[in-house]
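# Architecture at a glance
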Amino acid sequence: MVEFSDNLQKSFNNIKTMKVRGAGLIARTAVETLKVEIDRENDRDVTAFLSRMTEAGEYLKLARPTAVSLPNSINNFLRQIQVGAKSGSSVEEIKAISRKAADMFIEASLEAIKKIGEIGSKRISDGDVLLTHCNSQSAIEVISMAHSQGKNIKVFVTETRPRYQGRLTAAALADRGLDITLIPDSAARLYMTKIDKVIVGADAIAANGAVINKIGTSQIAAIAKESRTRVMVAAETYKISPQTFLGELIEIEERDGSEIAPKEWLNLHPNIKVRNPAFDVTPSEYIDIIITEMGLFPPQGIILLLKDLYSLLPS
Ligand code: RI2
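What you are looking at is a predicted structure, and each value in this text was computed from that prediction instead of being measured.

## Some words on the overall build of the chain
When helices and strands are counted, the chain shows 11 helices and 10 strands. Its C-alpha atoms put the chain at 65 × 50 × 45 Å along the principal axes. Counting all 315 residues of the chain, 53% fall into the buried class. Excluding contacts between residues fewer than 6 apart, the proportion of contacts in the chain whose partners are at least 24 apart in sequence is 76%. When the accessible area of the chain is evaluated, it comes to approximately 15300 Å², of which 52% is carbon and sulfur surface. Here the chain holds 39 positive side-chain charges and 39 negative ones, and the gap between their average locations is 3 Å.

Pasting the structure below:
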């Protein structure tokens, strides 16, 4: 049984308990954690270092199952170490490569959010009324950038039960001077007639352009379609799942029932079953555009981007 360091365990718990949350931040935190692991031991050779880093990475991947950004960022980091290891370099040289790989991922990830803001803000017009769900750094960046360009924007923010991440979004945007209205998730249909565009983030994007995001996103997208309101998704390309290209499904995280009702109440009603899925799948036909750092893609075009990113060939 492998013993994981305090650094790894702490980071794993922070992600699992959602002290650290949001698909992009989870990915950066995982890579930052692996960077700390690099120098934790005096590895006798490259193979020992590689297997230690692989075990650490595989462990962190288990913290949350749905956000594909987590395994993608870890796999990308490990791949670069593996390539370095094949070049016959020394442990110290491979460690230097690893540190650089971690820094590069974090920098590129932050850069991607800015780029998404630049690209996405062009899709927002002066006078738009927007609706956003949950708390996405990428969606917030698009909205904030449009606001800083002088566009007069109003934003409806769903509270996002059961963990109320919508409050984080509402506060962040209000602090930047935007006109914010916080609404219950169940009021989305009531207000949809006032909304010009829906903008949300993504935890994962499948090869067929379906978007996996906070539970409730698919209901909002369906309501938007009913009232012919456009739905935009802001997401970095490392949230696209290469495994879905081969037909794998993305696991939907199910969290503890105590997030829905207090334990004491549940104990009083032992016959009541509780389900608490953290995410849902919005089919591609409910999404108008996906804003990435590499440009705008209709959801049906994601497969082409995926093939480019991973050099995937049909077998
Ligand atoms: P960024 C969050 O998941 C939300 O579902 C949000 O839309 C998504 O990650 C993407 O967030 P959770 O960690 O990466 O709150 O755009 O379950 O910040």
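## Considerations on the packing of aromatic side chains
Per the counting criterion, the structure on display carries 4 aromatic pairs. With 5.1 Å between their ring centres and 70 degrees between their planes, F105 and Y238 make a pair best called edge-to-face. Taken together, the residues F105 in helix 5 (residues 91-121) and Y238 in the loop between strand 7 (230-234) and helix 10 (263-268) connect sequence positions 133 residues apart. In this pair, the class of F105 matches that of Y238, namely buried. Plain terms: the ring middles of F156 and Y191 are 5.2 Å apart, the flat faces sit at 40 degrees to each other, and that makes the pair tilted. In this pair, F156 sits in strand 2 (residues 154-158) while Y191 sits in helix 8 (residues 188-192), placing the two residues 35 residues apart along the sequence. A relative accessible area of 25% places Y191 in the partly exposed class.

## Brief notes about the site of the ligand
Contacts to the ligand come from 18 residues, most closely from R21, D203, N213, K214 and K239. Within the backbone of G24, an N or O atom sits 2.7 Å from an oxygen atom of the ligand. A distance of 3.0 Å is found between an oxygen atom of the ligand and a side-chain nitrogen or oxygen belonging to Q165. Expressed as a share of its isolated accessible area of 450 Å², the protein-covered part of the ligand is 99%. Where the shell around the ligand is concerned, the elements lending two or more residues are helix 2 (23-38), helix 6 (137-148) and strand 6 (211-214). Class assignment of the residues belonging to the shell around the ligand gives a composition of 5 nonpolar, 8 polar and 5 charged. Shared between two domains, the shell around the ligand holds at least three residues of each, these being domain 1 (6-115) and domain 2 (123-312).

## As for the packing of helix 1 (residues 6-16) against helix 3 (residues 46-61)
With their axes 9 Å apart at the nearest point, helix 1 and helix 3 run at an angle of 20 degrees to one another. Between helix 1 and helix 3, the interaxial angle falls into the category roughly parallel. Taken as a pair, helix 1 and helix 3 cross one another with a handedness that is right-handed. Contacts between helix 1 and helix 3 involve L8, Q9, S11 and F12 on the former and, on the latter, A56, Y59 and L60.

## Re the sheet that holds strand 9 (residues 289-292)
Pairing between the strands of a sheet comes from backbone hydrogen bonds, and it takes one of two forms, parallel or antiparallel. Sheet architecture is open: 7 strands sit in the order 3-2-1-4-7-9-10, paired in mixed fashion. Among the strands making up the open sheet, the edge pair consists of strand 3 (179-183) and strand 10 (295-297). Here the average twist between neighbouring strands, direction ignored, is 25 degrees. Where strand 4 (residues 197-200) and strand 7 come together, 4 bridges link them in parallel fashion. The partner of I199 across the bridge, within strand 7, is M232.

## Notes on the pattern of salt bridges
What the rule picks out here adds up to 18 salt bridges. A salt bridge links R40 to E41; the nearest nitrogen and oxygen atoms lie 3.7 Å apart. The closest approach of N and O atoms between R161 and E159, which form a salt bridge, is 2.7 Å. Taking the relative accessible area as the measure of exposure, R161 reaches 46% and is therefore partly exposed. The buried category is assigned to E159, whose relative accessible area is 12%.

Basis of the calculations
Residues numbered from 1 in each chain as written. Predicted model: local features only at pLDDT ≥ 70, side-chain atom pairs only at ≥ 80, totals over all residues. Heavy atoms only, no water. Helix = DSSP H or I, 4+ residues; strand = E, 2+ residues; numbered from the N terminus. Buried < 20%, exposed > 50% of the residue type's maximum accessible area, 1.4 Å probe, protein only. Contact = heavy atoms within 4.5 Å. Areas by Shrake-Rupley, 256 points an atom, 1.4 Å probe, with all protein chains shown as cover. Lys, Arg positive; Asp, Glu negative; His and termini not counted. Charge placed at Lys NZ, Arg CZ, Asp CG, Glu CD. Phe/Tyr/Trp six-rings, centres within 6.5 Å; stacked < 30°, edge-to-face > 60°. Near = heavy atom within 4 Å. Polar contact = N/O pair within 3.5 Å; in protein donor to acceptor, adjacent residues only side chain to side chain. Nonpolar A, V, L, I, M, F, W, Y, C, P; charged D, E, K, R; others polar. Domains from an automatic or database assignment. Axes fitted to C-alpha atoms, helices over the stretch in contact; angles between N-to-C directions. Parallel < 35°, antiparallel > 145°, perpendicular 65-115°, else oblique. Left-handed = near helix turned anticlockwise from the far one by under 90°. Pairing = 2+ DSSP bridges. Salt bridge = Lys/Arg side-chain N within 4 Å of Asp/Glu carboxyl O.

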